[in-house]
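# Per-entry structural report
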Amino acid sequence: MAKPKVAFYWCASCGGCEETIVDLAEDILGVVEAVDIALWPVAIDMKRKDVEAWEPGDVAVAFINGAVRLSEQKEWVELLREKCSLVIAFGSCAHMGGIPGLANATNREEIFANKYHRSPTVANPDGIVPQEQTNVDGYDLELPTFWKDVKPLNEVIDVDYYLPGCPPPFDLVATAVGAILEGKLPPKGSVIAPEKALCDTCERNDTKPDEMTITEFKRTATSTPDPEKCFLADGFLCMGPATRSGCGERCINGNMPCRGCFGPTPDAIDPGLKLLAAIASRGEADSEEDAKALADSLVDPLGTYYRFGLPASMLKRSADTERAQT
Amino acid sequence: MADQQFEPKIVGFLCRWCSYTGADLAGTSRMQYPPTLTGIRVMCSGRVDPTFVVKALKEGADGVLIAGCHPGDCHYSEGNYKAMRRHPMLANLLEQFGIERGRVRLEWISASEGELFAEVVTDFTEQLQELGPLNWNQRIEADCETV
Ligand code: SF4
Ligand code: SF4
Ligand code: FES
């Protein structure tokens, strides 16, 4: 029997997810021996026309990392959707928008103004800005369209499964690949990670307070968390209560609170609002002034709650996506 | 700026023990106030999850009122303290999304304060008229268009 083919593709991402794939290739030769890599832009030179020549179903599964921001990324993921039997959103950016998704806190005009004019390291006296169409020496050149907003993969194409994490940990990827090879797949649309919250698997859970006594939030940039205590007990905002487990508590073990890269637990309609409600229920402020002081000590709530999932947040997702998800 | 013709839509989450009864009193006493508020009876102001507020704003409300028993009077002893702590946290967050703080309001209204209820609705209506329509979902949809 011919080996199943897999494709890897990247959109708006940092390259970190590719590292996980490299780890995968090195560490589980068994899996790599079991598949053929049909496409992997970071390592193999291929053109779009090569992929266009595939028949639908030729490739068993596409692992797509990165959010979608450019028209060219949309064309690629649509092409892969057509040719591959399964599409897996790989990593936080494809899953929820990820770090590139934080750009949705501002807009295209502001981004261009900063990037090409305002930034202190930019010298652009002629005010040159990239154009979608330009003519250079008689040649018409084209650049992809930079969309107004960053989108998670499922707002652009139909997605079969999600592998969460920034990047997804090796063991979860191996589990997913194994399940695909053996045809033992969970229901379509599943996030391939445990449903429990990170707190439920966290070693510091014993010190997690029922009643919080904090009166202000601390930041890891200016104070060092206690290496043993639950971060919430120590006054640092930890996304553990609203985040899926399965990462191996990578940040906690490095004495950093969870930033939520695994995305919300299935019961959280919106991870930020869930966390906000949870913290507020436990805070100590007993007067409106104290409540305001507690709230104000959390610098940048948007960036804190939605570091990895702004485009997928309740406040940013479109009504269409909302309907599809509920 | 201020569009005097604009009639804002307010969703009011009213705790059944105090504020909802207060609203009832305003009605049975035939007090005059603008017909801008759609009341939703909840068991306690502490039951008002922030997702309710966001859902209301996304689905067409120009403002949201959360009203409960005065501090110390909550029938579940601490529900209104939860509401009190959530309120500035949610307002700070919404502000970062471009939603003015004045669109979400927290008030303590007891069962006997029908007059206060009418005053709050009148004042909130004027405040929202100053701010103008929110149209939050249309704004999201516009951002979501690709080009
Ligand atoms: S809040 Fe963070 S530190 Fe505390 S138990 Fe949960 S995951 Fe662990
Ligand atoms: S602790 Fe949180 S942010 Fe860190 S890897 Fe795990 S899920 Fe991601
Ligand atoms: S019962 Fe009225 S605020 Fe809790």
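Quick caveat, the model's predicted, so the values are computed rather than measured.

## Comments concerning the overall build of chain A
If you tally the helices and strands in chain A, you get 14 helices and nine strands. Radius of gyration (C-alpha) of chain A: 22 Å, near the 20 Å computed for a compact globule of 326 residues. For chain A, the proportion of its 326 residues judged to be buried stands at 48%. Working note: accessible area of chain A is about 15600 Å², and carbon and sulfur atoms make up 52% of it. Side-chain charges in chain A split into 32 positive and 51 negative, and the spacing between the mean points of these groups amounts to 2 Å.

## Focus on the overall build of chain B
Across its full length, chain B carries five helices and four strands. For chain B, the succession of helices and strands along the chain, N to C, is β-α-β-α-β-α-β-α-α. The C-alpha atoms of chain B give a radius of gyration of 15 Å, which matches the 15 Å a tight globule of 147 residues would have. Structurally, chain B occupies a C-alpha span of about 55 × 35 × 20 Å along its principal axes. Expressed as a percentage of the 147 residues in chain B, the buried residues total 52%. Within chain B, counting contacts between residues at least 6 apart in sequence, those at least 24 apart form 80% of the total. Both charge centroids of chain B, one from 14 positive and one from 20 negative side chains, sit 8 Å from each other.

## Some points on the site of ligand 2
Near ligand 2, the surroundings consist of L198, T243, C247, R250, C251, C258, R259, G260, C261 and F262 of chain A. For the shell around ligand 2, the residue count by class is six nonpolar, two polar and two charged.

## Topic: the sheet that holds strand β9 (residues 161–163) of chain A
Residues and elements named next belong to chain A. Spatial strand order, β2-β1-β3-β5-β9: five strands in an open sheet with parallel pairing. Sheet topology places β2 (36–39) and β9 at the edges, where each strand pairs with a single neighbour. Pairwise comparison of adjacent strand axes, ignoring direction, gives a mean angle of 30 degrees for this sheet. Bridge analysis of strand β5 (residues 84–90) against β9 gives three bridges, and the strand direction is parallel. Pairing of F90 across the sheet is with L163, part of β9. Each of β1 (5–10), β2, β3 (59–65) and β5 touches helix α4 (residues 71–83); the most contacted strand, β5, lies at about 135 degrees to it.

## Structural notes on the domain arrangement of chain A
Residue and element names in this part refer to chain A. Parsing chain A into structural domains produces domain 1 (5–99 + 149–182) and domain 2 (110–147). Look at where the C-alpha atoms of domain 1 and domain 2 centre, and you get two points 30 Å apart. At the interface, nine residues of domain 1 touch five residues of domain 2. Inspection of the domain 1/domain 2 interface yields zero salt bridges. If you look at where domain 1 meets domain 2, you find three residue pairs in polar contact (both at pLDDT 80 or more). Contributions of two or more residues to the side of domain 1 that touches domain 2 are made by β4 (68–70), α4 and β8 (146–151). Here the side of domain 1 that touches domain 2 is built from residues that sort into three nonpolar, one polar and five charged.

## Structural notes on the nonpolar core
Core analysis: the biggest nonpolar cluster contains 109 residues, and F63, I64, L80, L153 and Y305 of chain A have the highest contact counts within it. In terms of residues, this core owes the most to one element, helix α3 (residues 79–96) of chain B, which gives seven residues. Dropping the residues within four chain positions of it, I64 of chain A is found in contact with Y9, C11, V77, L80, V87, I88, A89, F90, A94, L153 and I157 of chain A. Within the second largest apolar cluster, 13 residues are counted, among which are L37, L65, I109 and V121 of chain B.

The rules behind the values
- Residues numbered from 1 in each chain as written.
- Chains lettered and ligands numbered in written order.
- Predicted model: local features only at pLDDT ≥ 70, side-chain atom pairs only at ≥ 80, totals over all residues.
- Heavy atoms only, no water.
- Helix = DSSP H or I, 4+ residues; strand = E, 2+ residues; numbered from the N terminus.
- Rg over C-alpha atoms; globule rule 2.2 N^0.38 Å.
- Buried < 20%, exposed > 50% of the residue type's maximum accessible area, 1.4 Å probe, protein only.
- Areas by Shrake-Rupley, 256 points an atom, 1.4 Å probe, with all protein chains shown as cover.
- Lys, Arg positive; Asp, Glu negative; His and termini not counted.
- Charge placed at Lys NZ, Arg CZ, Asp CG, Glu CD.
- Contact = heavy atoms within 4.5 Å.
- Near = heavy atom within 4 Å.
- Nonpolar A, V, L, I, M, F, W, Y, C, P; charged D, E, K, R; others polar.
- Pairing = 2+ DSSP bridges.
- Axes fitted to C-alpha atoms, helices over the stretch in contact; angles between N-to-C directions.
- Domains from an automatic or database assignment.
- Salt bridge = Lys/Arg side-chain N within 4 Å of Asp/Glu carboxyl O.
- Polar contact = N/O pair within 3.5 Å; in protein donor to acceptor, adjacent residues only side chain to side chain.
- Core = buried A, V, L, I, M, F, W, Y, C linked by side-chain atoms within 4.5 Å.

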